[in-house]
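As a plain string of letters, each chain reads:
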Amino acid sequence: RLAQAAGRKFVQLPGDLDARVFKLPSKLTVRPAAGTFGVCDFEADEDEYDCSVAFFNRCRLSVAERRSLYESHVLPYVRKEIWGSCKGGGEHSVTLHFRNG
């Protein structure tokens, strides 16, 4: 989202992303934001902006905005074989997704 708000056309990706899950180019094309998604309400975890990485800095986003970004910028790069690699837990199961960060 920061790249969209800054008007960037590309984002350079780190080389250590899991190639078993993603098939990513070295430079990711940033698609323009639609509607009000083009505005960035900036927030940082620390007192100042960290210019070395954008990990602790972000635009405040709603769930709908995050979902839109994931669908347009992440999902197209998930390897096709990943989608069918896990079996669901069944009708009476609950799946919890945990993440650190």
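Structure first, text after, so check above.
Residues numbered from 1 in each chain as written. Predicted model: local features only at pLDDT ≥ 70, side-chain atom pairs only at ≥ 80, totals over all residues. Heavy atoms only, no water.

Caption draft 1: Examining the overall build of the protein chain more closely. The secondary structure content of the protein chain amounts to three helices and four strands. Taken across its 101 residues, the protein chain has 13% of its residues classed as buried. Looking at the protein chain alone, contacts between residues at least 24 apart form 53% of all its contacts between residues at least 6 apart. Taken as a whole, the protein chain presents about 8500 Å² of accessible surface, with 55% of it coming from carbon and sulfur. (Helix = DSSP H or I, 4+ residues; strand = E, 2+ residues; numbered from the N terminus. Buried < 20%, exposed > 50% of the residue type's maximum accessible area, 1.4 Å probe, protein only. Contact = heavy atoms within 4.5 Å. Areas by Shrake-Rupley, 256 points an atom, 1.4 Å probe, with all protein chains shown as cover.)

Caption draft 2: Examining the layout of surface pockets more closely. Considered as a void within the structure, the second largest pocket measures approximately 150 Å³ in volume. Lining the second largest pocket we find Ile 82, Trp 83, Cys 86, Lys 87, Gly 88, Gly 89, Thr 95 and His 97. Among the residues forming the lining of the second largest pocket, the class breakdown is three nonpolar, four polar and one charged. (1 Å grid on protein atoms, 1.4 Å probe; cavity = no way out; pocket = protein on both sides within 12 Å on 5 of 7 lines; lining within 4 Å. Points joined across faces, edges and corners; volume = space filled by probe spheres on them. Nonpolar A, V, L, I, M, F, W, Y, C, P; charged D, E, K, R; others polar.)

Caption draft 3: The arrangement of the pattern of salt bridges in detail. Tallying each qualifying case throughout the model produces three salt bridges. Here Arg 60 makes a salt bridge to Asp 41, at a shortest N to O gap of 3.1 Å. Highlighted residues: Arg 60 in the loop between strand S4 (57–59) and helix H2 (63–73) and Asp 41 in the loop between strand S2 (27–29) and strand S3 (42–44), separated in sequence by 19 residues. By relative accessible area, which is 46% here, Arg 60 ends up partly exposed. Taking the shortest distance from any N to any O, the salt bridge between Arg 67 and Glu 71 comes out at 2.8 Å. (Salt bridge = Lys/Arg side-chain N within 4 Å of Asp/Glu carboxyl O.)

Caption draft 4: Molecular detail of the side chain of His 73. Tracing the backbone through its elements, the reader meets His 73 in helix H2. Overall, His 73 belongs to the buried group, its relative accessible area being 11%. Here the side chain of His 73 touches Ser 72 through a polar contact of 2.6 Å, side chain to side chain. Apart from residues no more than four positions distant in its own chain, His 73 is found in contact with Gln 4, Leu 28, Thr 29, Val 30 and Arg 31. (Polar contact = N/O pair within 3.5 Å; in protein donor to acceptor, adjacent residues only side chain to side chain.)

Caption draft 5: Structural context of the packing of aromatic side chains. Enumeration according to the criterion identifies zero aromatic pairs in this entry. Over the face of the ring belonging to Phe 10 we find Lys 27, whose NZ or CZ atom lies 4.4 Å from the ring centre. (Phe/Tyr/Trp six-rings, centres within 6.5 Å; stacked < 30°, edge-to-face > 60°. Lys NZ or Arg CZ within 6 Å of the ring centre and 35° of its normal.)

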